[in-house]
Amino acid sequence: HKGTQHPLGTPANEELRALRAAVHAALDFSWKKQVMTRSGVYLWLSEELDIPFSDAHVGVFNEQTCRRVIELCREKKRQSNC
């Protein structure tokens with residue numbers, strides 16, 4: 001975590017690291033293509049997952065949540081025809 005020696009997320013095995021990378025790629029598509037702002041992406045994500053905005057951090061997601069986010073991003077992409 002910035003300014004400390006503590007990680008922001010939770011430890012991850014190889015599979016979870018790969019899933020988190022896939023989540024970042026899926027989320028980055030939206031804000032880098034200016035479909036939404038970066039903060040807007042995380043606000044949308046918190047609403048879709050029904051979690052507080054402050055908890056919408058990929059580094060704390062487990063495998064199930066990562067898979068759900070990837071699917072949500074696919075659905076969003078189809079809806080916006082991006």
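Because the structure is a prediction, the values reported are computed rather than measured. (Residues numbered from 1 in each chain as written. Predicted model: local features only at pLDDT ≥ 70, side-chain atom pairs only at ≥ 80, totals over all residues. Heavy atoms only, no water.)

Q: Explanation requested: the overall build of the chain in the structure shown.
A: The helix and strand inventory of the chain stands at three helices and zero strands. Along the chain, helices and strands appear, N-terminal first, in the series α-α-α. For the chain, the C-alpha atoms occupy an extent of roughly 40 × 25 × 25 Å along the three principal directions. The buried share among the 82 residues of the chain stands at 28%. Counting only contacts in the chain whose residues sit at least 6 apart along the sequence, the fraction spanning at least 24 positions is 54%. Of the accessible surface of the chain, which amounts to about 5700 Å², a share of 51% is contributed by carbon and sulfur atoms. Separation of charge centres in the chain, based on 12 positive and 10 negative side chains, amounts to 8 Å. (Helix = DSSP H or I, 4+ residues; strand = E, 2+ residues; numbered from the N terminus. Buried < 20%, exposed > 50% of the residue type's maximum accessible area, 1.4 Å probe, protein only. Contact = heavy atoms within 4.5 Å. Areas by Shrake-Rupley, 256 points an atom, 1.4 Å probe, with all protein chains shown as cover. Lys, Arg positive; Asp, Glu negative; His and termini not counted. Charge placed at Lys NZ, Arg CZ, Asp CG, Glu CD.)

Q: Help me understand the pattern of salt bridges in this model?
A: When their charged atoms lie close together, side chains carrying opposite charge are able to pair. Within the structure shown, the criterion is met by three salt bridges. Across the pair R67 and E15 runs a salt bridge, and its minimum N-O distance is 2.6 Å. You can see R67 sitting in helix α3 (residues 63-80) and its partner E15 sitting in helix α1 (residues 14-32), a full 52 residues away along the chain. We classify R67 as partly exposed; its relative accessible area is 43%. The shortest N-O distance in the salt bridge between R74 and E71 comes to 3.8 Å. On the criterion of helical spacing, the pair formed by R74 and E71 is a turn pair, its members being three residues apart in helix α3. Linked by salt bridges that have partners in common, E71, R74 and R78 make up one network. (Salt bridge = Lys/Arg side-chain N within 4 Å of Asp/Glu carboxyl O.)

Q: What should I look at first to understand the state of the cysteines in this one?
A: Tallied over the full model, the rule gives zero disulfides. You can see C66 has no disulfide; the closest cysteine sulfur is in C73, sitting 11 Å from it. Exposure remark for C66: the relative accessible area of 0% places this residue in the buried category. (Disulfide = S-S within 2.5 Å.)

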